[in-house]
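# Breakdown of the fold
Read off the chains here:
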Amino acid sequence: QVQLVESGGGLVQAGGSLRLSCEASGLTFSRAAMGWFRQAPGKEREPVAAISWSGVNTYYGDSVKGRFTISRDNAKNTVHLQMNSLKPEDTAVYYCAATGLNYGLPTRDIDYSYWGQGTQVSVSS
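The sections below set out a description of the structure shown in this document. This structure is a prediction, so every number in the text was calculated from the model and none was measured.

Conventions we followed
Residues numbered from 1 in each chain as written. Predicted model: local features only at pLDDT ≥ 70, side-chain atom pairs only at ≥ 80, totals over all residues. Heavy atoms only, no water. Helix = DSSP H or I, 4+ residues; strand = E, 2+ residues; numbered from the N terminus. Rg over C-alpha atoms; globule rule 2.2 N^0.38 Å. Buried < 20%, exposed > 50% of the residue type's maximum accessible area, 1.4 Å probe, protein only. Contact = heavy atoms within 4.5 Å. Areas by Shrake-Rupley, 256 points an atom, 1.4 Å probe, with all protein chains shown as cover. Lys, Arg positive; Asp, Glu negative; His and termini not counted. Charge placed at Lys NZ, Arg CZ, Asp CG, Glu CD. Pairing = 2+ DSSP bridges. Axes fitted to C-alpha atoms, helices over the stretch in contact; angles between N-to-C directions. Phe/Tyr/Trp six-rings, centres within 6.5 Å; stacked < 30°, edge-to-face > 60°. Lys NZ or Arg CZ within 6 Å of the ring centre and 35° of its normal. Disulfide = S-S within 2.5 Å.

### What to know about the overall build of the chain
When you go through the chain residue by residue, the secondary structure sums to zero helices and 11 strands. Its helices and strands taken in sequence order, the chain reads β-β-β-β-β-β-β-β-β-β-β from the N to the C terminus. Here the C-alpha radius of gyration of the chain, 13 Å, is about what a compact globule of 125 residues would show, namely 14 Å. On the principal axes, the C-alpha backbone points of the chain span a range of 40 × 25 × 25 Å. Of all 125 residues assigned to the chain, the portion counted as buried reaches 42%. Counted over contacts in the chain with a minimum sequence separation of 6, partners at least 24 positions apart contribute 60%. On the chain, roughly 6300 Å² of surface is accessible, and the fraction owed to carbon and sulfur atoms is 45%. Of the charged side chains in the chain, 11 are positive and 10 negative; the average position of the first set lies 4 Å away from that of the second.

Written out as structure tokens, the structure reads:
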């Protein structure tokens, strides 16, 4: 059974930082692409960042480029999302997602088979 457990969400002031973590179990983590998505109230879920199985290739949504960094530790089955210079518009529930065996860099939510429960990130102005 695949499990993705997110942590690190919370409330922060604009300009602050948060680091989200996602620990995976039940899958071959080192051969899976990983992604972070977010969904704000009344909006569709959008891709935030993705990282290939090796960590060499990464993707960032236009709204977070230069502020967020995705990384992974295959020895610990963990993926992180470092979020700096947070803005009120970053407020959303953030979801960790994993593909099955995948050597690419998928960025669409339909490409991901496994999802975490989500963690709330709230940025006050």
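### A closer look at the sheet that holds strand S8 (residues 78-83)
The four strands lie next to each other as S1-S3-S8-S7, forming an open sheet whose pairing is antiparallel. Strand pairing shows two members of the sheet lacking a second neighbour, strand S1 (3-7) and strand S7 (68-73), which therefore form its edges. Here the strands of the sheet are splayed against their neighbours by 15° on average, with no regard to which way each runs. Sheet topology places S7 next to S8; six bridges connect them, and they run antiparallel. Each residue of the ladder has a partner; that of Phe68, found in S8, is Met83.

### So, the pairing of strand S11 (residues 119-124)
Only one face of S11 is buried: it carries Thr119, Val121 and Val123, and the other face, with Gln120, Ser122 and Ser124, is open. Of the strand pairs in this sheet, strand S2 (residues 10-13) and S11 are connected by four bridges, and their pairing is parallel. Residue pairing across strands places Gln13 opposite Ser124, the latter belonging to S11.

### Quick notes on the packing of aromatic side chains
Counting across every chain of the model gives four aromatic pairs. A ring pair is formed by Phe37 and Trp115, whose centres lie 5.0 Å apart and whose planes are at 55°; its orientation type is tilted. With a gap of 78 residues between them, Phe37 in strand S4 (residues 32-39) and Trp115 in strand S10 (residues 114-115) connect regions that are remote in the sequence. Plain terms: the ring middles of Tyr112 and Trp115 are 6.4 Å apart, the flat faces sit at 65° to each other, and that makes the pair edge-to-face. Members of the aromatic cluster, connected to one another through ring pairs, are Phe37, Tyr112 and Trp115. Over the ring of Trp115 we find Arg45; its NZ or CZ atom is 4.0 Å from the centre of that ring.

### Focus on the state of the cysteines
All chains considered together, the criterion is met by one disulfide. Bridging Cys22 to Cys96, the disulfide has an S-S length of 2.1 Å. Taking the torsion about the sulfur-sulfur bond, which here is approximately -75°, the covalent link between Cys22 and Cys96 counts as left-handed. Note that Cys22 is positioned in strand S3 (residues 18-25) and Cys96 in strand S9 (residues 92-101), a separation of 74 residues in sequence. For the pair formed by Cys22 and Cys96, the shared burial category is buried.

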